[in-house]
Amino acid sequence: QEQYLIYTLVKKIQAWWRCRTEWKKYREFKASRTIQAHWRGFLAQEQYLLYMTARRIQAKWRCYRALDQYVKYNSATKIQSQWRRFVVEDQYIQYIAATKIQAQWRGF
């Protein structure tokens, strides 16, 4: 009878010890899982911030390039317009001069 009590007591102590060590392992596992989840969240946030920064830089660059191209196009258009105006005025002056010469020649 006494040996049986000792045997059951040893078994209970072993079960308690096993339960305690398993609980410690579970708490460590849960803590490491929480730390890993937070670390992955931090890394994801860092990657997202880098992605958004790159998008902003690219958008600013595209805006700058579009504005630069517009200014160049607008400048070229103004130059072409002024050149056509100059050519037309020159042709008109030549036409008026020719008309006056012809009028003088014909005696008008």
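Right above here is the structure, for reference.
In this text, all values refer to a predicted model and were calculated from it rather than measured experimentally. (Residues numbered from 1 in each chain as written. Predicted model: local features only at pLDDT ≥ 70, side-chain atom pairs only at ≥ 80, totals over all residues. Heavy atoms only, no water.)

(A) View of the overall build of the protein chain. For the protein chain, the count of helices and strands is 1 helix and 0 strands. Compactness check: the protein chain gives a C-alpha radius of gyration of 46 Å against a globular reference of 13 Å for 108 residues, more than 25% above the reference. Counting only C-alpha atoms and orienting by the principal axes, one finds that the protein chain spans roughly 155 × 10 × 10 Å. With the model as given, the accessible surface of the protein chain reaches about 11,000 Å², and the carbon-plus-sulfur share is 62%. (Helix = DSSP H or I, 4+ residues; strand = E, 2+ residues; numbered from the N terminus. Rg over C-alpha atoms; globule rule 2.2 N^0.38 Å. Areas by Shrake-Rupley, 256 points an atom, 1.4 Å probe, with all protein chains shown as cover.)

(B) Just the packing of aromatic side chains, in detail. Here the structure, examined in full by the defined rule, presents 5 aromatic pairs. For the pair Trp16 and Trp17, a centre-to-centre distance of 6.0 Å together with 55° between the ring planes defines the contact as tilted. (Phe/Tyr/Trp six-rings, centres within 6.5 Å; stacked < 30°, edge-to-face > 60°.)

(C) Up close: the environment of Glu46. Tracing the backbone through its elements, the reader meets Glu46 in helix 1 (residues 2-106). Overall, Glu46 belongs to the partly exposed group, its relative accessible area being 35%. In this structure the C-alpha to C-alpha distance between Glu46 and Ile13, which are 33 residues apart in sequence, comes to 49 Å. (Buried < 20%, exposed > 50% of the residue type's maximum accessible area, 1.4 Å probe, protein only.)

(D) Local environment of the pattern of salt bridges. Going through the model one piece at a time under the given rule, you end up with 3 salt bridges. Here Glu89 ties to Arg85 by a salt bridge, and the two come within 3.2 Å at their closest N and O atoms. Placement of both Glu89 and Arg85 in helix 1 is noted, with a separation of 4 residues, approximately one turn of the helix. Residue Glu89 is classed as partly exposed on the basis of its relative accessible area, which comes to 37%. (Salt bridge = Lys/Arg side-chain N within 4 Å of Asp/Glu carboxyl O.)

(E) Looking closely at helix 1. For helix 1, with 105 residues, the first-to-last C-alpha span of 153 Å sits near the 156 Å given by 1.5 Å per residue. Count one or two residues on from helix 1 and you reach Gly107, which has phi positive near 85°. (Expected span 1.5 Å × (residues − 1).)

(F) Local environment of a nonpolar patch on the surface. A surface patch of nonpolar side chains, about 480 Å² in accessible area, is lined by Leu9, Ile13, Trp16 and Trp17. Mapping Trp16 onto the fold places it in helix 1. (Patch = residues over 30% accessible without salt bridge, like charges linked within 9 Å, V, L, I, M, F, W, Y side chains within 5 Å.)

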